[in-house]
Amino acid sequence: MADYEAVIGLEVHVQLATASKLFCSCPNHFGSAPNSNVCEVCAGMPGALPRVNAQAVHYATLVGLATHCEINQNSVFARKNYFYPDLPSGYQISQLDLPLCEHGYLDVMVEGQSRHIGITRIHMENDAGKNIHAQHENVSYVDLNRAGTPLVEIVSEPDMRSGAEAVAYLKALHSIVTYLGVSDGNMEEGNFRCDANVSIHKKGEALGTRAELKNLNSFRNVQRAIEIEIERQKDILEDGGQVVQETRLYDAVKNTTASMRGKEEAHDYRYFPDPDLLPVGISDEQMAAWRAELPELPASRLARFTAMTGLPEADAEVLVSSRAMADFFEEAASHAEARKVANIMIGALQRALNARGCTVADTQFSPAALAELVNIVENGLISATIANDIVPDLLESGAMPEAYVKEKGLVQISDTGELEGIVDGIIAANPAEVEAFRGGKTKLMGFFVGQVMRATKGKGNPAAINSLLAQKLQ
Amino acid sequence: MNTVYTETLISLRDKLAAHEITATQAVQACLDRIAATEPALHALLAIDADNALAQARALDAQGYDASKALWGVPVTIKDALSTQGLATTAGSAMLAGFVPVYDAFVVQKLKEAGAIILGKNNMDEFAMGSTTEKSAFQVTGNPWDMSRVPGGSSGGSAASVAACQCFASLGSDTGGSIRQPASLCGCVGLKPTYGRVSRYGLIAYGSSLDQVGPLTRTVADCALVLQTIAGYDERDSTSDPRPVDDYMAALGARRDLTGIKLGVPQEFFGEGLSAEVRHACEAALKKAQELGASLVPISMPHTNAAIATYYIIAMAEASSNLARFDGVRYGHRSPAPEQLQDLYVKSRSEGFGEEVQRRIMLGTYVLSSGYYDAYYRKAAQVRRLIRNDYEQALQHCDIICAPASPVTAWKAGSHSQNPLEMYLMDVYTLSLNLAGLPGLSLPVGKGEESGLPVGMQLFGRAFDEATLLAVGHVLEQALPSFGLPAL
């Protein structure tokens, strides 16, 4: 078997969460009745003209800054001409020669190794509408609600070598755009879409012919599709065949790709500068203001959080999985011990959120409540076990932990008089274990602690129980 | 019969202000004039008589309002401009019966100023032509000689104004489409500086060249209409935010041409210019000298590259601008297409006329992969040189003078077999659009052989329409009037 190397580049389309569309004032909103968010501009009526949405330029620039791009302060919109029923004006307004952002990169961790992925360019463009094909009649409909919504297309260098690297890069991009708050990043709704260019070659030899993979609508599918494409190309080359340049559509159900169109069917888009739009000018002052508002990004926060908590990166990643989560941690950790805050977030909180299928922002839980929860464990009011157990209730109710545990009678029993009676009872009830313990089976201490805990319904102060048991079992 | 329709716009406005006539009477007079002339002239594609009368009555009921510059003034509009609720076809079968959902910016401005829209003017299909013969619907006559063309593409507008169907019309000018028909019909036409008037709602031909402007019977009327439609529009990114000059004040401030330097480019008075047009222009220049102007010989060396440059850029832009006419959302859709490709091919082949198809194909070609650099990019570079010619010339003079058309109005059908011959007719007008500068065409006399109107153009500096109008006004007052066509 020859030693092949895969070469992968990604084109990622991110829908920007602006209030209105890219070239008109129609709402940029998902889920409205068909053709209700449409005006003469986004419907391509005769004589209507586009005008650039400043918020979209702002958002796209933030994406460029967050990915270390150079920003062209005079970028140019160009028309990409092709016919399709969901494209009302017969051309998409995109950018070619002078895109908004160029020459960026992301450093991502893949299996403990840092990988440097170049970003060729990021440009702005408008999305098309949607064609809807009726199931039982021979007719198709066009919904133009999505037509004109703002996208950025982020084109990477062919710097990835495996499906895992591609997904790591894609996840890093995803967390950046959601951190910035410029996109909802919902892959299923199509506001974060990815196409992959894949080729393979033998190391030291010229690059192979690439295939473009489309319809990759989840992180998992991106990885699987790339992996099977690499295998498909290997098989072809091993059999002495040649890979053809083409676009292939991924089928997630069958986990296969199928040819969609070949090179000879590729469009000639006849790009030229859009005469309806002036170059998009961004002043130095504006650039400075946008730079200043750039939030701390996930990679930097992760480094800081691991230092704060002493946790390994793999564990701390949960804390930076969203901007809301990271802000939550930061706020709670300013009022309680960071490591303990992190432990509850990574464990009980994350489990509770997964179970409910929501984010921390969707719950009643506050950073102040989490800090209080950590602190009442610390001062002995409740045990760590109780603390973890009540997280789902706190999420649901929004109650403050101290008031909650008092009301529910979960406060730890630290009164040695009360505990002493219970400890005596347990010792009396388990003579054989007492005998064995005293005979040297000191591991049985755990058994006795467990018994006392059970008797106190988890409320016994572990330190006090340990000390009492040690004393009585001597 | 009420003959108020022969008045100038300014004169009508004064009569309306003085309550010598009502808006309803003005509109009725024009409608009567249309009824009398239209069967032979064919200047209008749609006539909105009922609405026009209803609006006039409503205005009369409210009483004259001096804050509205065009209160009660009947106008017509080139069919390339979107009018809400009134069919807008751009002279194409592709848009037969198409009723827009919105008003063009300029239409909105006219309505706000109290103007009353009588109808929509015939034009070459999608403004592609120089004779108005390329309309899918009808051939418009020249009011001075019905067997001749009115020019184009705003030929319906020019004919309508010259025939006194209205007091002003709006046209559009991509390579001379206002100035050339104005010249052939003996009226005044102005192409403003690119960006002075919003293009929002103008059905695009060549977006970087298109500009909306007035056609009127006098320069003062032209100034008043331009005052109404000029200004920034946030919906057109290429419209310019600088304030609009007071054109009427500029007209009032100038009595003669003292201190005005008129540039006479050798390239515009050379080979190809008919003797009668040359003589009429030279007579006008002599008159300008008598009024105090000095004549400065100038040269614009890249003029001969203008036609090729213009047609590459205009057709490239047109090929993309006309892509939206695909039969999917509005306009002509071929009945029962087999599949998607078929829907496009048939709808567009049936809906577009020959000239439009020719220009779409040429435009598609020059933008194609492998040809872009040789054609479109090169044309964009030459365009810069042509602009430089104008900029340099205008450092040596205030205004550049040029004929509007090499010949007076020609017989209908006489050039229709040879598109190239027709393209060459635009030689004196189209370089101005490449430069983006303003140009006024005004009648300077009648051709000594043909007896037909001759127009001369005045080109000015960017956003200096005020000087063009003031100089044009002085010249117009000094030149002998040749009256109205006998219709």
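Keep in mind the model is a prediction, meaning the values are calculated, not measured.

## What about the overall build of chain A?
Part 1 of the reasoning: Secondary structure assignment for chain A yields 15 helices and 16 strands.
Part 2 of the reasoning: Since a compact globule built from 474 residues should have a radius of gyration of about 23 Å, the 29 Å found for chain A marks it as more spread out than a globular shape.
Part 3 of the reasoning: In chain A, which comprises 474 residues, the share counted as buried stands at 50%.
Part 4 of the reasoning: Partitioning the intrachain contacts of chain A with sequence separation of at least 6 by distance along the chain shows that 69% fall at a separation of at least 24.
Part 5 of the reasoning: In chain A, 41 side chains carry a positive charge and 62 a negative one; their mean positions are 4 Å apart.

## Here we look at the overall build of chain B
Part 1 of the reasoning: Each helix and strand in chain B was counted, giving 16 helices and 11 strands.
Part 2 of the reasoning: Relative to the 2.2 N^0.38 estimate, which gives 23 Å for 487 residues, the radius of gyration of chain B is 21 Å and therefore close to what a compact globule would have.
Part 3 of the reasoning: In terms of its C-alpha atoms, chain B occupies a principal-axis envelope of roughly 65 × 55 × 45 Å.
Part 4 of the reasoning: For chain B, the residues scored as buried account for 64% of the 487 residues in total.
Part 5 of the reasoning: Look at the contacts in chain B between residues 6 or more apart in sequence, and 76% of them connect residues 24 or more apart.

## As for the environment of Asp184(A)
All names here are of chain A.
Part 1 of the reasoning: Tracing the backbone through its elements, the reader meets Asp184 in the loop between helix 2 (163-180) and strand 11 (192-202).
Part 2 of the reasoning: For the pair Asp184 and Val155, spaced 29 residues apart in sequence, the C-alpha separation works out to 19 Å.
Part 3 of the reasoning: In this view, Asp184 contacts Ala17, Thr178 and Asn191; residues no more than four positions away in its chain are not counted.

## Some points on the packing of helix 7 (residues 323-333) of chain A against helix 8 (residues 338-356) of chain A
Residue and element names in this part refer to chain A.
Part 1 of the reasoning: At a minimum axis separation of 10 Å, helix 7 and helix 8 run at an interaxial angle of 140°. With respect to helix 8, the element helix 7 is oriented oblique. For the crossing formed where helix 7 meets helix 8, the hand is right-handed. When helix 7 is examined against helix 8, the residues Met325, Phe328, Phe329, Ala332 and Ala333 are found in contact with a partner set consisting of Ala338, Val341, Ala342, Met345, Leu349, Gln350 and Leu353.
Part 2 of the reasoning: Of the residues assigned to the contact of helix 7 with helix 8, the class counts are 11 nonpolar, one polar and no charged.

## Quick look at the interface of chain B and chain A
Part 1 of the reasoning: Contacts between the two partners involve 38 residues from chain B and, on the opposite side, 33 residues from chain A.
Part 2 of the reasoning: Between chain B and chain A, the buried area comes to about 2900 Å², and carbon and sulfur atoms account for 57% of it.
Part 3 of the reasoning: Salt-bridge contacts for Arg199(B) lead to Asp276(A); the nearest nitrogen and oxygen are separated by 3.1 Å.
Part 4 of the reasoning: Run the count over chain B and chain A and you get 20 residue pairs in polar contact (both at pLDDT 80 or more).
Part 5 of the reasoning: Secondary-structure elements contributing two or more residues to the side of chain B that touches chain A are helix 10 (306-321), helix 11 (340-351), helix 12 (354-367) and helix 13 (373-396) of chain B.
Part 6 of the reasoning: Considering each element in turn, the side of chain B that touches chain A owes the most residues, four residues, to helix 10 of chain B.

## Things to note about the sheet that holds strand 12 (residues 211-216) of chain A
Residue and element names in this part refer to chain A.
Part 1 of the reasoning: On the basis of which strands lie adjacent, the open sheet formed by nine strands has the order 2-6-7-10-1-11-12-13-14 and mixed pairing. Across the chains shown, the open sheet's two edge strands, defined by having one partner strand only, are strand 2 (70-71) and strand 14 (256-262).
Part 2 of the reasoning: Relative to strand 14, strand 13 (residues 246-251) runs antiparallel, the two being bridged by six bridges. Across the sheet, Leu249 pairs through a bridge with Ala258, a residue of strand 14.
Part 3 of the reasoning: Across the face of the sheet, helix 1 (residues 54-66) comes into contact with strand 2, strand 6 (101-110), strand 7 (113-126) and strand 10 (150-156) while running at roughly 165° to strand 7.

## Here we look at a nonpolar patch on the surface
Part 1 of the reasoning: A contiguous nonpolar patch, built from Tyr365(B), Tyr371(B) and Tyr375(B) and spanning about 270 Å² of accessible area, is present on the exposed surface.
Part 2 of the reasoning: Within the secondary structure, Tyr375(B) sits in helix 13.

## Comments concerning the confidence of the model for chain B
Part 1 of the reasoning: Residues with a pLDDT of 70 or more make up 99% of chain B, whose mean pLDDT is 96.
Part 2 of the reasoning: Reported for the predicted complex are a pTM of 0.90 and an ipTM of 0.95.

## With respect to empty space enclosed by the protein
Part 1 of the reasoning: Applying the stated criterion to the full structure yields four cavities of 30 Å³ or more.
Part 2 of the reasoning: In this structure, the largest cavity is lined by 19 residues; those nearest its centre are Val41(A), Cys42(A), Ser89(A), Ile93(A) and Asn126(A).

## Details of helix 2 of chain A
Part 1 of the reasoning: The end-to-end C-alpha separation of helix 2 of chain A is 26 Å, in line with the 26 Å expected for 18 residues at 1.5 Å each.
Part 2 of the reasoning: Count one or two residues on from helix 2 of chain A and you reach Gly181(A), which has phi positive near 75°.

## A closer look at the pattern of salt bridges
Part 1 of the reasoning: The final tally for this structure, using the stated rule, is 45 salt bridges over all chains.
Part 2 of the reasoning: With a closest N to O distance of 3.8 Å, Glu229(A) and Arg248(A) form a salt bridge. Within this pair, whereas Glu229(A) is found in helix 3 (residues 219-238), its partner Arg248(A) is found in strand 13, the two being separated by 19 residues in sequence.
Part 3 of the reasoning: Judged by its relative accessible area of 0%, Glu229(A) is buried.
Part 4 of the reasoning: With relative accessibility at 9%, the residue Arg248(A) sits in the buried group.
Part 5 of the reasoning: Residue Arg148(B) pairs with Asp145(B) through a salt bridge whose shortest N-O separation is 2.8 Å.
Part 6 of the reasoning: Several salt bridges share partner residues, and in doing so they unite Arg79(A), Asp274(A), Asp276(A), Arg199(B) and Asp236(B) into one network.

## Looking at the side chain of Thr89(B)
Part 1 of the reasoning: With respect to the element layout, Thr89(B) can be found in the loop between strand 2 (74-78) and helix 4 (105-112).
Part 2 of the reasoning: There is a polar contact of 2.5 Å between the side chain of Thr89(B) and the side chain of Asp79(B).

## Quick look at unusual backbone geometry
Residue and element names in this part refer to chain B.
Part 1 of the reasoning: With an omega dihedral of 10°, the bond running from Gly152 to Ser153 counts as a cis peptide bond.
Part 2 of the reasoning: Structurally, Ser153 is set in the loop between strand 3 (116-121) and helix 5 (155-162).
Part 3 of the reasoning: Positive phi is not limited to glycine here, since His19 has a value of about 60°.
Part 4 of the reasoning: Locating His19 in the fold gives a position in the loop between helix 1 (9-17) and helix 2 (23-41).
Part 5 of the reasoning: The backbone phi angle of Phe126 is positive, close to 50°, even though this residue is not glycine.
Part 6 of the reasoning: By the element assignment, Phe126 lies in the loop between strand 3 and helix 5.

## Here's the deal with the layout of surface pockets
Rolled over the atoms, a probe sized like a water molecule indicates the empty space that remains.
Residue and element names in this part refer to chain A.
Part 1 of the reasoning: Within this model, the second largest pocket holds a volume of roughly 1200 Å³.
Part 2 of the reasoning: Lining the second largest pocket are 39 residues, and of these Lys171, Ser175, Pro298, Val320 and Ser321 lie nearest its centre.
Part 3 of the reasoning: For the lining of the second largest pocket, the secondary structure elements donating two or more residues are strand 6, helix 2, helix 5 (298-309), helix 6 (313-316), helix 7 and helix 8.
Part 4 of the reasoning: For the lining of the second largest pocket, the element with the highest residue contribution is helix 2, accounting for seven residues.
Part 5 of the reasoning: Residue composition of the lining of the second largest pocket, grouped by class: 23 nonpolar, 12 polar and four charged.

## Details of the pairing of strand 10 of chain A
All names here are of chain A.
Part 1 of the reasoning: For strand 10, the buried fraction is high: seven of the seven residues fall into the buried class.
Part 2 of the reasoning: By the alternation rule, side chains of strand 10 split into Pro150, Val152, Ile154 and Ser156 and Leu151, Glu153 and Val155, which are all buried.
Part 3 of the reasoning: Inspection of the sheet shows strand 1 (residues 4-15) paired to strand 10 by five bridges, in the antiparallel sense. Bridge pairing in strand 10 places Glu11 opposite Val155.
Part 4 of the reasoning: Pairing of strand 7 with strand 10 involves seven bridges; the strand directions are antiparallel. Among the inter-strand pairings, Asn126 is bridged to a residue of strand 10, identified as Pro150.

## Digging into the sheet that holds strand 15 (residues 272-273) of chain A
Sheet strands pair via backbone hydrogen bonds, and the direction of the pair is either parallel or antiparallel.
All names here are of chain A.
Part 1 of the reasoning: Taking strand neighbours across the sheet as the criterion, the three strands line up as 5-4-15 in an open arrangement whose pairing is antiparallel. Only two strands of the sheet have a single neighbouring strand rather than two, namely strand 5 (91-94) and strand 15.
Part 2 of the reasoning: By the bridge criterion, four bridges tie strand 4 (residues 78-81) to strand 5 in an arrangement that is antiparallel. Counterpart to Lys80 in the pairing with strand 5 is Gln92.

What counts and how
Residues numbered from 1 in each chain as written. Chains lettered and ligands numbered in written order. Predicted model: local features only at pLDDT ≥ 70, side-chain atom pairs only at ≥ 80, totals over all residues. Heavy atoms only, no water. Helix = DSSP H or I, 4+ residues; strand = E, 2+ residues; numbered from the N terminus. Rg over C-alpha atoms; globule rule 2.2 N^0.38 Å. Buried < 20%, exposed > 50% of the residue type's maximum accessible area, 1.4 Å probe, protein only. Contact = heavy atoms within 4.5 Å. Lys, Arg positive; Asp, Glu negative; His and termini not counted. Charge placed at Lys NZ, Arg CZ, Asp CG, Glu CD. Axes fitted to C-alpha atoms, helices over the stretch in contact; angles between N-to-C directions. Parallel < 35°, antiparallel > 145°, perpendicular 65-115°, else oblique. Left-handed = near helix turned anticlockwise from the far one by under 90°. Nonpolar A, V, L, I, M, F, W, Y, C, P; charged D, E, K, R; others polar. Buried area = accessible area lost by both parts, 1.4 Å probe. Salt bridge = Lys/Arg side-chain N within 4 Å of Asp/Glu carboxyl O. Polar contact = N/O pair within 3.5 Å; in protein donor to acceptor, adjacent residues only side chain to side chain. Pairing = 2+ DSSP bridges. Patch = residues over 30% accessible without salt bridge, like charges linked within 9 Å, V, L, I, M, F, W, Y side chains within 5 Å. Areas by Shrake-Rupley, 256 points an atom, 1.4 Å probe, with all protein chains shown as cover. pLDDT = per-residue confidence, 0-100. 1 Å grid on protein atoms, 1.4 Å probe; cavity = no way out; pocket = protein on both sides within 12 Å on 5 of 7 lines; lining within 4 Å. Points joined across faces, edges and corners; volume = space filled by probe spheres on them. Expected span 1.5 Å × (residues − 1).

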